[in-house]
Amino acid sequence: MKHEILKVLGLRALNGGVYELSLSGASKMRAGQFVELAVPGFFLRRPISVADLEDGVLTLLVKEVGEGTKKLRESVKGESVDALTCLGNGFDLSSSSPLLVGGGIGCAPLFKLAKEFAAKGIRPRAVLGFRNAEEAYYLDEFARYCDVTVATDDGSLGIKGNAVSAARDIPHDRFYACGPAVMLRAARVLGEGQISLEARMGCGFGACMGCSIKTTSGYARVCKEGPVFEAAEVIW
Ligand code: FES
């Protein structure tokens, strides 16, 4: 974990109440790791996964879900952001035929993962699931590095249905999923793989035990031992 003061480079609105926040000054991080940003006026920091980090520019994709993320959206260029960085453990890159499965804002960390595979000369398959066409974001960005299939609950874009069912017939040797708990739980049908969990976090660095979950080897903290776990390890 590092304590760093980042600088806002810009903010761009995407679909579905998601915005892209670009920051400078962050240390190197792996796909699956996250940062915790302090938001003025709020006691708890906001955990946000790393969507990209290239040439010193950290990209976070933030879903506006409450007062904290709304306040963060008011960030202006040049403003300082107090951040804990390099938190948690990232995805492994052991697959030679990876399948990325994202749901909603859970697609965010998979973007950096796609780029990491691409840097190894591997083009992953990706299934990105959204509620509807209006909520779909970052499709062109993903398409640069992956073969993308889109799934929407209402069928307004791509395949009608959820991301896991759309992923079932896609050949892969390992899957990497991030999204709502119900989706991650269902993702086991895809075989061997890793899932990135979300949790309510107090400290974000292993001190409060507030994010503990049950695993096959006992309790684990999402912020410290995770947020990425082997899918078969997690007890739901
Ligand atoms: S949030 Fe405190 S231990 Fe994970």
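Just so it is clear, the model here is predicted, and its values are computed rather than measured.

Undergrad: What should I look at first to understand the pairing of strand β1 (residues 2-13) in this one?
TA: Strand residues, when the strand is regular, have side chains that alternate between the two faces of the sheet. Two elements, β1 and strand β7 (residues 80-87), share six bridges in a ladder whose sense is antiparallel. Note on β7: the bridge partner recorded for His 3 is Leu 84. Taken together, the six bridges between β1 and strand β2 (residues 18-24) define a ladder with antiparallel strand orientation. Looking at the pairing, Ala 13 lines up with Tyr 19 of β2. Between the antiparallel neighbours β1 and β2 lie four residues, among them Gly 16 with a positive phi of about 65 degrees.

Undergrad: Please clarify how the sheet that holds strand β4 (residues 46-49) should be interpreted in this entry.
TA: Whether parallel or antiparallel, the strands of a sheet pair through hydrogen bonds between backbone atoms. One open sheet holds the seven strands; their spatial order is β4-β3-β7-β1-β2-β6-β5, and the pairing between them is antiparallel. Each edge of the open sheet is held by one strand with a lone partner, namely β4 and β5 (52-54). Within this sheet the neighbouring strands show an average axis-to-axis angle of 35 degrees, counted without direction. Here helix α2 (residues 108-119) sits on the sheet and contacts β4, β5 and β6 (57-63); the angle it forms with β5, its principal contact strand, is near 40 degrees.

Undergrad: Could you clarify how one ought to interpret α2 in this entry?
TA: It helps to recall that an α-helix has 3.6 residues per turn; residues three or four apart then point in one direction. In terms of residue burial, α2 counts as a mostly covered element, since nine of its twelve residues are buried. Burial in α2 covers these residues: Ala 108, Pro 109, Leu 110, Phe 111, Lys 112, Leu 113, Ala 114, Lys 115 and Phe 117. Two residues or fewer after α2 comes Gly 121, characterised by a positive phi angle close to 85 degrees.

Undergrad: Would you mind showing me how to read the pairing of β6 here?
TA: Of all the seven residues making up β6, five are buried; the element is thus mostly covered by neighbouring parts of the structure. Direction of pairing for β2 relative to β6: antiparallel, over a ladder of seven bridges. By the bridge assignment for β6, Val 18 is matched with Lys 63. For β5 and β6, the ladder comprises three bridges, and the chain directions are antiparallel. Bridging from a neighbouring strand, Asp 52 pairs with Thr 59 of β6.

Undergrad: Help me understand the nonpolar core, please; the structure alone is not making it clear to me.
TA: Across soluble globular proteins, you tend to see nonpolar side chains buried next to one another. With 67 residues, the main nonpolar core has Val 101 and Ala 114 as its most contacted residues. At six residues, α2 tops the list of elements feeding residues into this core. No fewer than three residues from each of domain 1 (2-87) and domain 2 (98-196) sit in this core. Ignoring anything within four residues of it in the chain, the contact list for Ala 114 reads Leu 100, Pro 124, Ala 126, Phe 142, Tyr 145 and Cys 146.

Undergrad: Sorry if this is basic, but what is going on with the sheet that holds strand β16 (residues 228-230) here?
TA: Pairing in this open sheet of seven strands is mixed, and the strands run β11-β10-β9-β8-β12-β13-β16 from one edge to the other. Two strands close off the open sheet at either side, each with one partner strand: β11 (159-160) and β16. As defined by bridge partners, strand β12 (residues 174-178) adjoins strand β13 (residues 193-196) across four bridges and the pair is classed as parallel. Across the sheet, Cys 178 pairs through a bridge with Ser 196, a residue of β13. Each of β8 (98-103), β9 (125-130), β12 and β13 is contacted by α2, which is oriented at about 165 degrees to β8, the strand it contacts most.

Conventions used here
- Residues numbered from 1 in each chain as written.
- Predicted model: local features only at pLDDT ≥ 70, side-chain atom pairs only at ≥ 80, totals over all residues.
- Pairing = 2+ DSSP bridges.
- Helix = DSSP H or I, 4+ residues; strand = E, 2+ residues; numbered from the N terminus.
- Axes fitted to C-alpha atoms, helices over the stretch in contact; angles between N-to-C directions.
- Contact = placed C-beta atoms within 7 Å.
- Buried ≥ 20, exposed ≤ 12 C-beta atoms within 10 Å, placed from the backbone.
- Core = buried A, V, L, I, M, F, W, Y, C linked by C-beta atoms within 7 Å.
- Domains from an automatic or database assignment.

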